[in-house]
2 protein chains.
Amino acid sequence: MEKDSLIVLSGGMDSVTMLYDKIDRIALAVNFIYGSNHNLRELECARLHCKKLGVELLEIHLDFMGEYFHSSLLEGAEAIPDGNYEDENMRSTVVPFRNGIMLATAAGLAESRGLRTVMLANHGGDHTIYPDCTPEFIAAMDAAISAGTYENLSLYAPYTNLTKTEIAKIGKSLNIDYSTTYSCYKGGKYHCGQCGTCCERREALAQAGITDTTIYEDITD
Amino acid sequence: MEKDSLIVLSGGMDSVTMLYDKIDRIALAVNFIYGSNHNLRELECARLHCKKLGVELLEIHLDFMGEYFHSSLLEGAEAIPDGNYEDENMRSTVVPFRNGIMLATAAGLAESRGLRTVMLANHGGDHTIYPDCTPEFIAAMDAAISAGTYENLSLYAPYTNLTKTEIAKIGKSLNIDYSTTYSCYKGGKYHCGQCGTCCERREALAQAGITDTTIYEDITD
């Protein structure tokens, strides 16, 4: 298969799974550093997997987001609410139009490199609180990327309607070591185990039947 | 009218005209510095008009474009072709998906500020060489911005099907001094008078019946 794709790679469970899942098509990975609490923890994971698979990784700084955008995700670990991912209080973690900005930048980079497809690992569990993860957004952004580029590039987001558990099952079949991915919105050395993304991560790994070797701060035994 | 809009303001003829034309709705202007030859010349004009009208101006650096994108617009004055704007050789000046990146960033900024609309001054003359100026792109990007934001923000691009001459006529009716706007792709202190954007600028001002007080380098008398 032709390697004609760029993947937006955070270093979290979903994008790392897609990296392994679609490696035959991936020519370039891009990580965005926008000032979130967990950006650099995720980046370490992105670097590790790209090195392992021999994929070039670009690290793009979007400093304006930390400077001008409002989101608890950009305001330190104390600002992150505990609880389930679907809860209303998780709305404070939304970074306005974050996926729009990352996808537009990725599309420009892809066209500059002669690539044809931008891959994003948004998934079904994101829909309830993140408008820029919904099927409607993905379809419209795909149309915008196609219309706005000479070579009619496309957006490929095959996990849009999968649950995180279904993604973890794909990862299990690919023997991905999820202890080398990072999820916690608080951004500490170890996963807190209590924030929305930690809850979601634990549940997905358990439901997929994966032994979770992640170190969580709230487990003391 | 409620001031609920953000305008993408380069400091060129089109966006400065829209700034005056739609001032009743504009709460914030954003200038993007992405490493083009003429960025800082345009920025000076953007600052001047925002100061005059009392509009807040954010200056956003997109350093990754200069670093990773390929375009003669990012490679110094010598790389800019002379000739008409519609010519095939002007294609080298395309910065891949530039408007997509600027609009996505503007949408995130607008939502962070509680604004509802993003304004862009693309126009009909841009269509032939810039895919991210076409009505198809604008419609798709509008849909993406709406779907991807909580408050369903919108994109407003009322000059999409106007010629530059028609825009200049709007400016004439608003008494805009176009000598305080900047167009030249070469980015010199004075307009070169020969590149595609200089040709287009001269023609539009002449056809609108505006006395062109721009200093062009190729006029020696």
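Residues numbered from 1 in each chain as written. Chains lettered and ligands numbered in written order. Predicted model: local features only at pLDDT ≥ 70, side-chain atom pairs only at ≥ 80, totals over all residues. Heavy atoms only, no water.

1. Comments concerning the overall build of chain A
Working step 1: Of regular secondary structure, chain A possesses 7 helices and 5 strands.
Working step 2: Counting from the amino terminus, helix and strand elements in chain A follow one another as β-α-β-α-β-α-α-β-α-β-α-α.
Working step 3: Since a compact globule built from 221 residues should have a radius of gyration of about 17 Å, the 16 Å found for chain A is in line with a globular shape.
Working step 4: If one aligns the C-alpha atoms of chain A with their principal axes, the spans along those axes are about 55 × 40 × 30 Å.
Working step 5: In chain A, buried positions account for 58% of the 221 residues.
Working step 6: A separation threshold of at least 6 residues defines the contact pool for chain A, and within that pool the share at least 24 residues apart is 68%.
Working step 7: With the model as given, the accessible surface of chain A reaches about 8700 Å², and the carbon-plus-sulfur share is 47%.
Working step 8: Looking at charge distribution, chain A has the averaged site of its 18 positive side-chain charges lying 6 Å from that of its 31 negative ones. (Helix = DSSP H or I, 4+ residues; strand = E, 2+ residues; numbered from the N terminus. Rg over C-alpha atoms; globule rule 2.2 N^0.38 Å. Buried < 20%, exposed > 50% of the residue type's maximum accessible area, 1.4 Å probe, protein only. Contact = heavy atoms within 4.5 Å. Areas by Shrake-Rupley, 256 points an atom, 1.4 Å probe, with all protein chains shown as cover. Lys, Arg positive; Asp, Glu negative; His and termini not counted. Charge placed at Lys NZ, Arg CZ, Asp CG, Glu CD.)

2. What about the interface of chain A and chain B?
Working step 1: With 38 residues of chain A at the contact, the number on the chain B side is 38 residues.
Working step 2: Of all residues in chain A, Tyr68(A), Phe97(A) and Tyr150(A) bury the most surface against chain B, accounting for 23% of the area lost on that side.
Working step 3: Our count for the chain A to chain B interface comes out at 0 salt bridges.
Working step 4: Seen at the junction of chain A and chain B, the total is 4 residue pairs in polar contact (both at pLDDT 80 or more). (Buried area = accessible area lost by both parts, 1.4 Å probe. Salt bridge = Lys/Arg side-chain N within 4 Å of Asp/Glu carboxyl O. Polar contact = N/O pair within 3.5 Å; in protein donor to acceptor, adjacent residues only side chain to side chain.)

3. Focus on the sheet that holds strand 1 (residues 5-8) of chain B
Residues and elements named next belong to chain B.
Working step 1: With respect to topology, 5 strands assemble into an open sheet ordered 3-2-1-4-5, the strand pairing being parallel. This sheet does not close on itself; its edge strands, each paired only once, are strand 3 (56-61) and strand 5 (154-156). Strand-to-strand twist in this sheet, taken as the mean axis angle between neighbours without regard to direction, amounts to 25°.
Working step 2: Relative to strand 3, strand 2 (residues 26-33) runs parallel, the two being bridged by 6 bridges. Its bridge partner being in strand 3, isoleucine 33 is matched across the sheet by histidine 61.
Working step 3: Along the sheet, helix 2 (residues 39-53) contacts strand 2 and strand 3; its crossing angle with strand 2, the most-contacted strand, is approximately 165°.
Working step 4: Packing against the sheet, helix 4 (residues 98-112) makes contact with strand 1, strand 2, strand 3, strand 4 (117-119) and strand 5, and its axis sits at approximately 155° to strand 1. (Pairing = 2+ DSSP bridges. Axes fitted to C-alpha atoms, helices over the stretch in contact; angles between N-to-C directions.)

4. Some remarks on the sheet that holds strand 1 (residues 5-8) of chain A
Residue and element names in this part refer to chain A.
Working step 1: Spatially, the 5 strands line up as an open sheet ordered 3-2-1-4-5, and their pairing is parallel. Either end of the sheet is taken by a strand with one partner, and the two such strands are strand 3 (56-61) and strand 5 (154-156). Ignoring strand direction, the axes of neighbouring strands in this sheet form an average angle of 25°.
Working step 2: Packing of helix 4 (residues 98-112) onto the sheet brings it into contact with strand 1, strand 2 (26-33), strand 3, strand 4 (117-119) and strand 5, and relative to strand 1 it is tilted by some 155°.

5. Quick word on the packing of aromatic side chains
Working step 1: Tallied over the entire structure, the rule returns 4 aromatic pairs over all chains.
Working step 2: Ring geometry for Phe64(A) and Phe69(A): centres 6.0 Å apart, planes at 55°, overall tilted.
Working step 3: The positively charged end of Arg202(A) is found above the aromatic ring belonging to Tyr216(A), 4.1 Å away from the centroid.
Working step 4: Looking at Arg25(B), its charged tip hangs above the ring of Tyr156(B), at a distance of 4.7 Å from the centre. (Phe/Tyr/Trp six-rings, centres within 6.5 Å; stacked < 30°, edge-to-face > 60°. Lys NZ or Arg CZ within 6 Å of the ring centre and 35° of its normal.)

6. As for helix 1 (residues 13-21) of chain A
Residue and element names in this part refer to chain A.
Working step 1: With 8 of 9 residues buried, helix 1 lies mostly within the body of the structure.
Working step 2: Every buried residue of helix 1 is accounted for by Met13, Asp14, Ser15, Val16, Thr17, Met18, Leu19 and Tyr20.
Working step 3: Residues of helix 1 that are buried in the fold lie against strand 1, strand 2, helix 2 (39-53), strand 4, helix 6 (164-173) and helix 7 (196-207).

7. A short note on helix 6 (residues 164-173) of chain B
All names here are of chain B.
Working step 1: Of the positions making up helix 6, those classed as buried are Lys164, Thr165, Ile167, Ala168 and Gly171. Angular distribution of buried residues about the axis of helix 6 spans 155°; they occupy a single face of the element.
Working step 2: Where helix 6 is buried, its residues meet helix 1 (13-21) and helix 7 (196-207).
Working step 3: A positive phi of about 60° marks asparagine 175, the residue just after helix 6. (Arc of directions from axis to C-beta.)

8. What about the relation of the copies chain A and chain B?
Working step 1: For the pair chain A and chain B, the best superposition has an RMSD of 0.0 Å and corresponds to a rotation of 180° with a translation of 0.0 Å parallel to the axis. One copy is carried onto the other by what is essentially a two-fold rotation axis.
Working step 2: A symmetric contact is evident, with 100% of the interface residues of chain A recurring at the interface of chain B. (Least-squares fit on C-alpha atoms with pLDDT ≥ 70 in both.)

9. What about the pattern of salt bridges?
All names here are of chain B.
Working step 1: Per the stated rule, a full pass over the model turns up 14 salt bridges over all chains.
Working step 2: Linking aspartate 82 and lysine 186 is a salt bridge whose minimum nitrogen-to-oxygen distance equals 2.9 Å. With aspartate 82 in the loop between helix 3 (63-68) and helix 4 and lysine 186 in the loop between helix 6 and helix 7, the pair connects residues that are 104 residues apart, well separated along the chain.
Working step 3: Taking relative accessible area as the criterion, aspartate 82 reaches 40% and is therefore assigned partly exposed.
Working step 4: For aspartate 218, the salt bridge identified is with arginine 202, shortest N-O distance 3.1 Å. You can see aspartate 218 sitting in the segment after helix 7 and its partner arginine 202 sitting in helix 7, a full 16 residues away along the chain.
Working step 5: Accessibility expressed as a relative area gives 33% for aspartate 218, which makes it partly exposed.
Working step 6: Of the residues examined, arginine 202 reaches a relative accessible area of 23% and is grouped as partly exposed.

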